[in-house]
Amino acid sequence: MPIREPLLKPIPITELRPTQMTVGYREVAEKRRRWRSYDGDKKKAFLGAHMIPTVLGPKKRHYVVDHHHLSRALQEEGVESVLVTVLADLHHLEKDAFWTVCDHKSWVYPYDAEGVRRDFKDIPKAIADLADDPYRSLAGELRRAGGFAKDTTPFSEFLWADFLRRNIKEKRVEGDFSEALEKAMALAKSKDAGYLPGWCGPSDG
C-alpha cells in the first residue's frame, strides 16, 4: 500500500470542530504566553511545525483530534488559520456512524467539566466554546513538573485530570493552585495512580 502524504491546508480556526468538551484555561494561557514570546519568523516556523490533526467528518468539516489547547490559544492571540493534517476522511458517514467510529478510535472525549460522559451532540461546535476544566490545567502542570511522563495514550492528561478530580477538592484547585499541585505530585507518586498512562511512581514498597 502506498504511504499517504498528509494533506496540508490552512483552515480557519473558526471552522474547526472540537472532539472534546473542555480545555484547561491555565494551559491555554500558558500557550498564549509562549506564543507571544516568539518573533515573527519563529511564529511562522512554529505554525509550520505544529499542524493540527483532524478527521474529515459530515459536510466535510474538520474535526480536531489533538491540539485543542493550541488551537484555542492561537485563536485568542488573533491567528485566523492553521495548517491541518487529515488523518482520515469519514465525510461520507452519517453523523451517528461518524461519532461511533471516532469513539472506537479514541478520537473523541465527550466528558464535561465534572468528568461526566455526555452525548456527542453536547460537544461544542467551535473551539471558542470549549469550557474550562481546572483539573485538566492541573494535570498539564503536573506533567510539566515531572509528575508523570508524556504518553501516547489518547487523552492521557484527561485520565489524570479525572484521577485528580476524585482526590483533590475543587476549592483547593481554584483557591491555591500551587498547593493543589503539591498534593497532585504526592498522589502521582502513589500506587493509587499506578494504572494511569505515564506513571513514574514507586514500583516497590
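To be clear, the structure that these remarks concern was listed above.
Below, the structure is looked at part by part. (Residues numbered from 1 in each chain as written. Predicted model: local features only at pLDDT ≥ 70, side-chain atom pairs only at ≥ 80, totals over all residues. Heavy atoms only, no water.)

1. Re the packing of aromatic side chains
And then number 1: Summed over the entire model, instances satisfying the criterion amount to 14 aromatic pairs.
And then number 2: Ring centres 5.5 Å apart and planes at 45° place the aromatic pair tyrosine 38 and phenylalanine 46 in the tilted group.
And then number 3: Residue phenylalanine 46 is classed as buried on the basis of its relative accessible area of 17%.
And then number 4: Measuring from ring centre to ring centre gives 4.7 Å for tyrosine 63 and phenylalanine 98, while their planes differ by 50°; the resulting arrangement is tilted. Of the two residues, tyrosine 63 sits in strand S4 (residues 62-64) while phenylalanine 98 sits in helix H4 (residues 95-104), which places them 35 residues apart along the sequence. (Phe/Tyr/Trp six-rings, centres within 6.5 Å; stacked < 30°, edge-to-face > 60°. Buried < 20%, exposed > 50% of the residue type's maximum accessible area, 1.4 Å probe, protein only. Helix = DSSP H or I, 4+ residues; strand = E, 2+ residues; numbered from the N terminus.)

2. Remarks on the pattern of salt bridges
And then number 1: In the structure shown here, the tally under the stated rule is 18 salt bridges.
And then number 2: Between glutamate 76 and arginine 32 there is a salt bridge, and its shortest N-O distance comes to 2.8 Å. Of this pair, glutamate 76 sits in helix H3 (residues 68-76) while arginine 32 is found in helix H1 (residues 25-36), placing the two residues 44 residues apart along the sequence.
And then number 3: With a relative accessible area of 34%, glutamate 76 lands in the partly exposed category.
And then number 4: Given a relative accessible area of 24%, arginine 32 falls into the partly exposed group. (Salt bridge = Lys/Arg side-chain N within 4 Å of Asp/Glu carboxyl O.)

3. Considering the packing of helix H6 (residues 156-167) against helix H8 (residues 177-188)
And then number 1: Where H6 meets H8, the closest approach of the two axes is 11 Å, and the angle between their N-to-C directions is 110°. By the angle between their axes, H6 is roughly perpendicular relative to H8. Within the contact between the two elements, H6 uses Trp160, Phe163, Leu164 and Asn167 and H8 uses Lys183, Ala184, Leu187 and Ala188.
And then number 2: Looking at the contact of H6 with H8, its residues break down into six nonpolar, one polar and one charged. (Axes fitted to C-alpha atoms, helices over the stretch in contact; angles between N-to-C directions. Parallel < 35°, antiparallel > 145°, perpendicular 65-115°, else oblique. Contact = heavy atoms within 4.5 Å. Nonpolar A, V, L, I, M, F, W, Y, C, P; charged D, E, K, R; others polar.)

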